[in-house]
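Each chain, letter by letter, is given below.
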Amino acid sequence: MSESEDRGEEIDFAEVMRRIPHRFPLLLVDRAEHYLAHTSITGIKNVTHNEPFFQGHFPGNPVMPGVLIVEALGQTGAVLMSKSLDADVSGKAIFFMSVDGARFRKPVRPGDQLRMKVVVVKHRGDLFKFRGEAFVDGKLVAEAEFAAMVVETGL
């Protein structure tokens, strides 16, 4: 295996936008790295002070909502699924099926870089089960197991 294969592939913002339908203000993955098909990926979200949720969560003490950290983990998993399956995203979407064991360890604040390590626990057809961990400065801030599948949207 070459060094580039050991590290996995980089996925830039343009490819993230092609792979998943999310858009501002709900697109929570800026780019990804260490992509290994059907295996793992690391999503990156640069958390900025102008995120719309900080206006109300919480004024004077901004904290990224835990549910959005789980959503960011899910979007990272969706990028891995889309690229692994080489999915044609027109008329299809990747939907959460379940979230289990979500734990929040430390607050995520403006200026933090959220690094989301997502690994495939199980894969069958268009269904994936993942384990995700989110880190800031190398420290675990959140974790969860979740499942997602490709769904026809009919659009």
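Residues numbered from 1 in each chain as written. Predicted model: local features only at pLDDT ≥ 70, side-chain atom pairs only at ≥ 80, totals over all residues. Heavy atoms only, no water.

Peer 1: Run through the pattern of salt bridges, naming residues and quoting values.
Peer 2: Considering all chains together, one arrives at 11 salt bridges under this definition. Between Lys83 and Glu15 there is a salt bridge, with the nearest N and O atoms lying 2.9 Å from each other. Of the two residues, Lys83 sits in helix H3 (residues 66-85) while Glu15 sits in helix H2 (residues 13-19), which places them 68 residues apart along the sequence. Glu15 shares its class with Lys83; the two are buried. Where Lys45 meets Glu51, a salt bridge forms, and the shortest distance between an N and an O atom there is 2.8 Å. Neither Lys45 nor Glu51 differs from the other in exposure class; each is buried. In the salt-bridge network here, residues are joined through shared partners; they are Glu9, Glu15, Arg19, Lys83 and Asp86. (Salt bridge = Lys/Arg side-chain N within 4 Å of Asp/Glu carboxyl O. Helix = DSSP H or I, 4+ residues; strand = E, 2+ residues; numbered from the N terminus. Buried < 20%, exposed > 50% of the residue type's maximum accessible area, 1.4 Å probe, protein only.)

Peer 1: Run through the confidence of the model for the protein chain, naming residues and quoting values.
Peer 2: In low-pLDDT segments, the atomic positions of the prediction should not be examined closely. Here the protein chain averages 93 in pLDDT, while 95% of its residues score no lower than 70. Per-residue pLDDT stays below 50 along residues 1-5; that stretch engages in two contacts with residues further than four places along the chain or on separate chains. (pLDDT = per-residue confidence, 0-100. Contact = heavy atoms within 4.5 Å.)

Peer 1: Got a sec to walk through the nonpolar core? Specific residues and values, please.
Peer 2: Most often, soluble globular proteins have nonpolar side chains that are buried together. Within the largest apolar cluster, 36 residues are counted, with the highest numbers of intra-cluster contacts made by Ile41, Met64, Val108, Leu114, Phe130 and Ala134. Of all the secondary structure elements, the ones that give two or more residues to this core are strand E2 (31-36), H3, strand E5 (113-124), strand E6 (127-136) and strand E7 (139-152). It is H3 that contributes the most residues to this core, eight residues altogether. Excluding residues within four positions of it along the chain, Val108 makes contact with Val47, Phe54, Pro62, Val63, Met64, Ile69, Leu114, Val136 and Val141. (Core = buried A, V, L, I, M, F, W, Y, C linked by side-chain atoms within 4.5 Å.)

Peer 1: Lay out the sheet that holds E6 with the relevant residues and their values.
Peer 2: The seven strands are arranged E1-E2-E3-E5-E6-E7-E4 in an open sheet whose pairing can be described as antiparallel. Each of the sheet's edge strands pairs with one partner strand only, and the pair in question is strand E1 (9-11) and strand E4 (92-104). When strand polarity is set aside, the average angle formed by the axes of neighbouring strands in this sheet is 25°. Across two bridges, the pairing between E1 and E2 is antiparallel. Within E2, the residue paired with Glu9 across the bridge is Tyr35. (Pairing = 2+ DSSP bridges. Axes fitted to C-alpha atoms, helices over the stretch in contact; angles between N-to-C directions.)

Peer 1: Account for unusual backbone geometry, with residues named and values stated.
Peer 2: Residue Pro25 follows Phe24 across a cis peptide bond; omega there is 5°. Turning to its location among the elements, Pro25 is positioned in the loop between H2 and E2. Note that the residue after His57, namely Phe58, is joined by a cis bond; omega there is -5°. Secondary-structure assignment places Phe58 in the loop between strand E3 (40-46) and H3. Positive phi, normally seen in glycine, also occurs at His34, with a value near 55°. Looking at the secondary structure, you find His34 in strand E2. Although it is not a glycine, Asp137 adopts a positive phi angle of roughly 50°. With respect to the helices, strands and loops of the structure, Asp137 is situated in the loop between E6 and E7. On the accessibility criterion, Asp137 (69% relative accessible area) is exposed.

Peer 1: So, the environment of Pro107: which residues are in play, and what are the values?
Peer 2: In this structure, Pro107 sits in the loop between E4 and E5. With 53 residues separating them in the primary sequence, Pro107 and Phe54 have C-alpha atoms 13 Å apart. With near-sequence residues (within four places) excluded, Pro107 lies in contact with Val63 and Asp112.

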